[in-house]
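Report on the structure
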Amino acid sequence: MAFILDDYDKAILRELQEDASISNLNLSKKIGLSPSACLSRTKNLVEAGIIQKFTTIVDEKKLGIEVTALALINLSPLNRETIHSFIEDINKYPQVQECYTLTGSHDFMLKIVAKDMESYRNFIIDSLMENPAINGVDTSMVMSTEKRTVSVPIDEV
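As recorded in an unreviewed UniProt entry, the chain goes by ArsR family transcriptional regulator and comes from Heyndrickxia oleronia.

**Concerning the side chain of K111**
Within the fold, K111 resides in strand β3 (residues 108-114). When its relative accessible area of 15% is taken as the criterion, K111 is described as buried. Ignoring any residue separated from it by four or fewer positions in sequence, one finds K111 in contact with T68, A69, L70, Q95, V96, Q97, E98 and R148.

**Describing the environment of S105**
As for its position among the elements, S105 is in the loop between β2 (96-101) and β3. Since its relative accessible area comes to 61%, S105 is described here as exposed. For the pair S105 and I90, spaced 15 residues apart in sequence, the C-alpha to C-alpha distance is 20 Å.

**With respect to the pairing of β2**
In regular strands, side chains alternate between the two faces of the sheet. Here β2 pairs with β3 via five bridges, running antiparallel. Along β3, the bridge assignment pairs Y100 with M109.

**Re the UniProt feature "domain: HTH asnC-type" (unreviewed entry) in the chain**
Per the UniProt entry, the sites bearing "domain: HTH asnC-type" (unreviewed entry) are residues 5-66 in this numbering. Secondary structure content for residues 5-66 is 53% helix and 0% strand, and the end C-alpha separation is 40 Å.

**Details of the pattern of salt bridges**
If the charged atoms of two oppositely charged side chains come close together, the side chains can form a pair. This model, assessed by the stated rule, comprises seven salt bridges. Note that D9 and R41 form a salt bridge whose closest N and O atoms lie 3.0 Å from each other. You can see D9 sitting in helix α1 (residues 7-18) and its partner R41 sitting in helix α3 (residues 35-47), a full 32 residues away along the chain. For R41, a relative accessible area of 21% corresponds to the partly exposed category. In this structure, K92 and D89 form a salt bridge, with 3.6 Å as the shortest nitrogen-oxygen distance.

**Some remarks on the nonpolar core**
Of all hydrophobic cores here, the largest spans 19 residues; its most connected members are I73, F86, L110, I112, Y120 and L128. Those elements that provide at least two residues to this core are β1 (67-75), α4 (80-90), β3 and α5 (117-126). With five residues, the single largest contributor to this core is β1. Here L128 is in contact with I73, F86, I90, Y93, L110, F123, I134 and V137, once residues within four sequence places are set aside. If you look at the next biggest cluster of nonpolar residues, it comprises 13 residues, including A11, L33, C38 and L45.

Conventions we followed
Residues numbered from 1 in each chain as written. Predicted model: local features only at pLDDT ≥ 70, side-chain atom pairs only at ≥ 80, totals over all residues. Heavy atoms only, no water. Helix = DSSP H or I, 4+ residues; strand = E, 2+ residues; numbered from the N terminus. Buried < 20%, exposed > 50% of the residue type's maximum accessible area, 1.4 Å probe, protein only. Contact = heavy atoms within 4.5 Å. Pairing = 2+ DSSP bridges. UniProt positions renumbered as here; feature names shortened; annotations may be inferred. Salt bridge = Lys/Arg side-chain N within 4 Å of Asp/Glu carboxyl O. Core = buried A, V, L, I, M, F, W, Y, C linked by side-chain atoms within 4.5 Å.

See the structure below:
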């Protein structure tokens, strides 16, 4: 069941997606609510699970992480047990930033980051491929990132 958002809720989400570190006082001023009403609405959005977490986006290149790869994964046999085992495994690896279950010719897509190509290779061979259900890995290397956001288009809801 979808949570019904009014204009104030949408404004809160837009502002927090822009800057999650904004103080409640500044947020309340920007959207035109009292600080207590703004805080209450923000807490309601958290409790409803609409806001899952407040986080910081880090520029990985400035930390020396040079490789971003999209890895398409196939499992065999593709069944409940291998899927759960795979998901449990990939959640252990900080290199795996995102994991999507797919339809079509591949079962999963992973976004993986690594310091360099050697680190990426070592991760695939020494860690990821340790899971016996992985039948294939098809990797595309990211040359550059033209757009990256975690914001949801609030005006669409």
